[in-house]
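Architecture at a glance
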Protein chains: 4
Amino acid sequence: MVCESSLSEIHEGNDVLLYLDRKRTYLVKVEQEKSFHTHKGFVQLEELVGKQYGTRIASSMNIEFVALKPTLRDHIFKMQRKTQITYPKDISLILMFSDAGPGNRVVEAGTGTGALTTSLACHVRPTGHVYSYEVRTKFMESALKNLKRAGVSEYVTVKNKDITEGIDETEVDAVVLDLATPWLVIPHAYAALKGSGVLVSFSPTIDQVVKTVEALKENGFVAIETVECLMRGMQIERGKTRPQTLMTGHTGYITHARKALK
Amino acid sequence: MVCESSLSEIHEGNDVLLYLDRKRTYLVKVEQEKSFHTHKGFVQLEELVGKQYGTRIASSMNIEFVALKPTLRDHIFKMQRKTQITYPKDISLILMFSDAGPGNRVVEAGTGTGALTTSLACHVRPTGHVYSYEVRTKFMESALKNLKRAGVSEYVTVKNKDITEGIDETEVDAVVLDLATPWLVIPHAYAALKGSGVLVSFSPTIDQVVKTVEALKENGFVAIETVECLMRGMQIERGKTRPQTLMTGHTGYITHARKALK
Amino acid sequence: MVCESSLSEIHEGNDVLLYLDRKRTYLVKVEQEKSFHTHKGFVQLEELVGKQYGTRIASSMNIEFVALKPTLRDHIFKMQRKTQITYPKDISLILMFSDAGPGNRVVEAGTGTGALTTSLACHVRPTGHVYSYEVRTKFMESALKNLKRAGVSEYVTVKNKDITEGIDETEVDAVVLDLATPWLVIPHAYAALKGSGVLVSFSPTIDQVVKTVEALKENGFVAIETVECLMRGMQIERGKTRPQTLMTGHTGYITHARKALK
Amino acid sequence: MVCESSLSEIHEGNDVLLYLDRKRTYLVKVEQEKSFHTHKGFVQLEELVGKQYGTRIASSMNIEFVALKPTLRDHIFKMQRKTQITYPKDISLILMFSDAGPGNRVVEAGTGTGALTTSLACHVRPTGHVYSYEVRTKFMESALKNLKRAGVSEYVTVKNKDITEGIDETEVDAVVLDLATPWLVIPHAYAALKGSGVLVSFSPTIDQVVKTVEALKENGFVAIETVECLMRGMQIERGKTRPQTLMTGHTGYITHARKALK
């Protein structure tokens, strides 16, 4: 379960992130009589029960792994397999713009793998709720599994509906969109939001952004802003310090706006 | 108060963000018989009492403002006057890396204006706590005022202490550093953190980063990563769409790592 | 005169770049009985005659300047006053893409201040020629002055004509465009270019680029590519090394393509 | 041969760039009875003799290629096989900073594959010269072959010498460095340069840059500046326009400076 407050000790049923090095980490559930196989030998997971997170554990080939407590970011990276990835750099900005906090009611679409859904759920807990629309059935099922594993299902309602046809909820604090035609949702979002509520939309192409911003202007939104965020890794080593050679050049643009009453 | 769950109506004593346009917004407290003066005329704030957030209000010169509910990001932007700014793009990534959530106990230094402190407090509420170290007395006083206005004082203990000399707390979930010599804090951070706990450090110069990463490697941290984040605004207008001409080229590098047990 | 081969000694009539520091440089012509006034005192320019470029000269306030030989890049920076600047980073890429070399015949529009014109002229000398179209008379006059000062007028014909109505030249090696409606020039450019000739277009907005690329595809161009180039200055100082805070976030997109025969 | 003025017609012995699409181009020499094999069938190169550059030619599988005249940039891309690549974006800036023009004498090290050497040679022709130092014998041989193919050998002297031990030439216009320890060359570069002459250095790591800038300051250089250049490709297509997903995040920093006389 992500975002669980303050457990220090690993229990049966908990997830751990087995860390070998920056590029090789494995998200596994700790169970009795279960071993995890890697190309560096297998790890007896039951040995971890009762240990502190952060403990080191040797594989059968005597290679040392660290049993980290998975963060929300770790879950996000591991969760996304079947759809286009939403990057932590973008999720963190979307969360900031959406102002999601405890008690907030947030509408989201599409659910996708549930990575952004999980992040929003973590922030609106324990008294808020996320209503997540997904029109593609197969994504919905995969997302439900991911939300369950992340331990946030009770804070999320996934709806197998096309959000471009309407939003059921009203008086919501934020609407967060990551879908192909966000501009079609803007009038529904205006209807669903409280006054001053936030709309956030993530889109890969300029054309989507232009249409969405036009729809926002026509539908009574203000404080409209679009940004893109580039993140570059650094190789830090005395005498060899430099930015990393490879970089993700583009994921998408983030547009956010506020509902003004008419 | 930031991050308050779901108020829709403006009450006396509430903050509102008066929005004129993207570059002109004003954070004001709504009080009886109080008017707010701008170069576009004055606004009678008491008229807002009982209205919904998002309502429009005309100034004495009949210019329309929108009374938005201030987000955490709005508070951050308005809060930072006396010290170097920490940008929302960086704060959002620091929050993501720190994995701060309800119930977490987080150590932070330096407090500065309290912008990052407020953000962390919002995320660990209602059962967690932020212990914020600030050695410069004048910043401390200004930060206390800002935390009070943001409504998060009860979740924060500001300490007038030099964190490079030691951390009082133990078994904390995260240590977040934004100060001149983070490398001096690393051994104390290791002692203060739980196993698997997170360290995040923000520094403007490469030299600070190199020393900090070296200290992390020497003190039992793993999963060490340094990134920089560039955010670029877009001007979105059909036929004139382009990135904005001016851009912040650098704020700082963010380094994060996890404590492995020895 | 820019790009002059190998003079080491300063003669009367030569340009020098008086260098005080990175932000304060002055392009001046060395003449008898002429002094140059700065806020750091005046410099007797005639003292420079017969000295080597690179010599130091003290002002009347005993502040030391260095008398550098102006490079093409120095001329470009000083030349651009009346129109939107074309940045050296962009000019250097445009030159690379255009493949301009000795003997080439290049068509350019618009002339603007003549910064790009001068750069192209330097590269096609001594046997090539630049045909530069400028519809705005006042720019044309200013450009002619700048070309003369840069010593490249004999390699350039500036034409007071609207290039969207046609190109007089044929069998040219490259067409280089920096104007508001490049897409209107593409059919004329195809007619003017040799087989395999290069088209390069610089535009600030996405919309200009989309229209231009569509016109290129429709008119028999291949190897079409659009890039943007970001340049960031570094502050290099042991213990304080970091990227500079301010940065130009956008100048324009550069599109280049080759003419395929039909 | 690169940079050859104005040939329009393909002759036997000429290079052509066979263009299939943006990712598939082939640099081949046109010879009698020679065919070029690709996965799209083979192309009879002798058919190209007497045709115009830019002509289309069908392979044995009836796939159309365009026979482009290779630009300097095409040669650079194809030349670099055995050593770290210097990117056209960096070469174009290095050329701009070095102010290389006809008649200039330029010292360069190391030669590497000869990509930068070729570029410099193209710019100093026909009356200038490039002196290129390369300590690694195997690179030297490969470079000589590349220079010959590019048709610029007569403008270059490649020296199998370690430039950190000294520079033979004096009164040169520019010194251009792309080697592991540029700071060791700075005193020699000062001795070799004319007054006001330019030093340009390309280095991947921050540590190299810091040492080089310190050496420049200690050795009488002024106008010292370090930049990095990021180039991002755009995918231009109406309705789908966006920056490309993948991007080179770092190649190296470019430092340039001018020699002031003492």
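Residues numbered from 1 in each chain as written. Chains lettered and ligands numbered in written order. Predicted model: local features only at pLDDT ≥ 70, side-chain atom pairs only at ≥ 80, totals over all residues.

This brings us to the overall build of chain A. Looking only at helices and strands, chain A features 6 helices and 15 strands. In chain A, which comprises 262 residues, the proportion classed as buried is 55%. Within chain A, contacts between residues separated by at least 24 positions form 62% of all contacts whose residues are at least 6 apart in sequence. (Helix = DSSP H or I, 4+ residues; strand = E, 2+ residues; numbered from the N terminus. Buried ≥ 20, exposed ≤ 12 C-beta atoms within 10 Å, placed from the backbone. Contact = placed C-beta atoms within 7 Å.)

We now examine the relation of the copies chain B and chain A. Note that the two copies of the chain are related through a rotation about an axis and a translation along the same axis. Taken as rigid bodies, chain B and chain A are interconverted by a rotation of 180° and an axial shift of 0.0 Å, the fit giving an RMSD of 0.0 Å. The operation mapping one copy onto its partner corresponds to a two-fold rotation axis. The share of interface residues of chain B whose copies in chain A are also at the interface is 100%, consistent with both copies meeting through the same surface. (Least-squares fit on C-alpha atoms with pLDDT ≥ 70 in both.)

Another point: helix α6 (residues 206–218) of chain B. Along its 13 residues, α6(B) runs 18 Å from first to last C-alpha, staying within 8% of the 18 Å computed at 1.5 Å per residue. Of all the residues in α6(B), the buried ones are B:I206, B:Q208, B:V209, B:V210, B:K211, B:T212, B:V213, B:A215 and B:L216. Looking at the buried residues of α6(B), the elements they touch are α5 (186–192), β11 (193–203), β12 (221–235) and β15 (253–259) of chain B, β13 (242–243) of chain C together with α6 (206–218) of chain D. Phi for B:G220, located one or two positions after α6(B), is positive at around 85°. (Expected span 1.5 Å × (residues − 1).)

The next thing to look at is the environment of D:S98. Residues and elements named next belong to chain D. Summarising the element assignment, S98 is placed in helix α2 (residues 88–98). Sequence separation between S98 and V176 is 78 residues; the distance between their C-alpha atoms is 7.4 Å. With near-sequence residues (within four places) excluded, S98 lies in contact with V106, A174, V176, V198 and V200.

The next subject is helix α1 (residues 72–79) of chain D. Within α1(D), 6 of the 8 residues are buried, which leaves it mostly tucked inside the rest of the structure. Every buried residue belonging to α1(D) is among D:L72, D:R73, D:D74, D:H75, D:I76 and D:M79, and all of these are buried.

Once the domains are mapped, chain A shows domain 1 (15–70) and domain 2 (73–259). Relative placement of domain 1 of chain A and domain 2 of chain A: their C-alpha centres are 32 Å apart. (Domains from an automatic or database assignment.)

All right, on to the interface of chain B and chain A then. At the interface, 62 residues of chain B touch 62 residues of chain A. Looking at the side of chain B that touches chain A, the elements with two or more residues in it are β6 (64–68), α1 (72–79), α2 (88–98), β11, α6, β12 and β15 of chain B. Broken down by element, the side of chain B that touches chain A gets its largest block of residues, 12 residues, from β12(B). When grouped by side-chain class, the residues that make up the side of chain B that touches chain A number 28 nonpolar, 17 polar and 17 charged. (Nonpolar A, V, L, I, M, F, W, Y, C, P; charged D, E, K, R; others polar.)

Moving on, we get to the sheet that holds strand β5 (residues 56–58) of chain A. Residues and elements named next belong to chain A. Pairing in this open sheet of 4 strands is antiparallel, and the strands run β2-β1-β6-β5 from one edge to the other. This sheet does not close on itself; its edge strands, each paired only once, are β2 (24–29) and β5. Pairs of neighbouring strands in the sheet enclose a mean axial angle of 30°, with direction left out of account. Bridge analysis of strand β1 (residues 15–21) against strand β6 (residues 64–68) gives 3 bridges, and the strand direction is antiparallel. (Pairing = 2+ DSSP bridges. Axes fitted to C-alpha atoms, helices over the stretch in contact; angles between N-to-C directions.)

The amide bond that connects A:A109 to the next residue, A:G110, takes the cis arrangement and shows omega of -15°. You can see A:G110 is positioned in the loop between β7 (105–109) and α3 (115–124). One non-glycine residue, B:S196, lies in positive phi territory at about 75°. Within the element layout of this structure, B:S196 appears in strand β11. For D:A223, which is not a glycine, the phi torsion comes out positive at approximately 55°. Considering the arrangement of structural elements, one finds D:A223 in strand β12 (residues 221–235). The exposure class of D:A223 is buried, given the 21 C-beta atoms found within 10 Å.

Further remarks concern the packing of helix α2 (residues 88–98) of chain C against helix α3 (residues 115–124) of chain C. All names here are of chain C. For the pair α2 and α3, the least separation of the axes is 11 Å and the interaxial angle reads 40°. Between α2 and α3, the interaxial angle falls into the category oblique. Crossing of α2 over α3 shows right-handed handedness. Taking contact as the criterion, the partners of I91, I94 and L95 in α2 are, on α3, A115, L116, S119 and H123. Tallied by class, residues from the contact of α2 with α3 come to 5 nonpolar, 2 polar and no charged. (Parallel < 35°, antiparallel > 145°, perpendicular 65-115°, else oblique. Left-handed = near helix turned anticlockwise from the far one by under 90°.)

Residues and elements named next belong to chain C. Taking strand neighbours across the sheet as the criterion, the 4 strands line up as β2-β1-β6-β5 in an open arrangement whose pairing is antiparallel. Edge positions in the sheet fall to β2 (24–29) and β5 (56–58), since each of these pairs with one other strand and no more. This sheet shows a mean twist of 30° between the axes of neighbouring strands, independent of strand direction. Bridge count between β5 and strand β6 (residues 64–68): 3 bridges; the pairing is antiparallel. The residue of β6 that forms the bridge with R56 is V66.

At a closest axis distance of 9 Å, the pairing of helix α2 (residues 88–98) of chain A and α2(B) adopts a crossing angle of 110°. When the interaxial angle is binned, α2(A) and α2(B) end up roughly perpendicular. Contacts between α2(A) and α2(B) involve A:P88, A:K89, A:S92, A:L93, A:L95 and A:M96 on the former and, on the latter, B:P88, B:K89, B:S92, B:L93, B:L95 and B:M96. Of the residues assigned to the contact of α2(A) with α2(B), the class counts are 8 nonpolar, 2 polar and 2 charged.

All names here are of chain D. By the criterion of burial, strand β11 (residues 193–203) is predominantly enclosed, with 11 of the 11 residues buried. As judged from the 5 bridges shared by strand β10 (residues 172–177) and β11, these two strands associate in the parallel manner. Paired with V172 across the bridge in β11 is L193. Since β10 and β11 lie parallel, the crossover through helix α5 (residues 186–192) that links them has a hand, and here it is right-handed. Relative to strand β15 (residues 253–259), β11 runs antiparallel, the two being bridged by 6 bridges. By the bridge assignment for β15, V198 is matched with R258. (Right-handed = clockwise from strand over helix to strand, strands pointing away.)

Turning next to the pairing of strand β3 (residues 35–38) of chain C. Sheet topology note: the β3(C)/strand β4 (residues 41–44) of chain C ladder contains 4 bridges and is antiparallel. Residue C:H37 lies in a different strand from β4(C), and its bridge partner there is C:F42.

Residues and elements named next belong to chain B. With respect to the helices and strands, the residue V185 is situated in the loop between β10 (172–177) and α5. The spatial distance from the C-alpha of V185 to the C-alpha of T241 is 46 Å, given a sequence separation of 56 residues. Sequence-distant contacts of V185, that is, excluding residues within four places in its chain, are made with A109, I163, T164 and L177.

Take the environment of C:N146 next. All names here are of chain C. By the secondary structure assignment, N146 is in helix α4 (residues 137–150). Sequence separation between N146 and G114 is 32 residues, and the spatial gap between their C-alpha atoms is 6.6 Å. With residues near it in sequence (within four places) discarded, N146 still touches M79, T113, G114 and T118.

With that out of the way, let us pick up the confidence of the model for chain A. Residues with a pLDDT of 70 or more make up 95% of chain A, whose mean pLDDT is 93. Both confidence scores are given for the complex: pTM 0.95, ipTM 0.94. (pLDDT = per-residue confidence, 0-100.)

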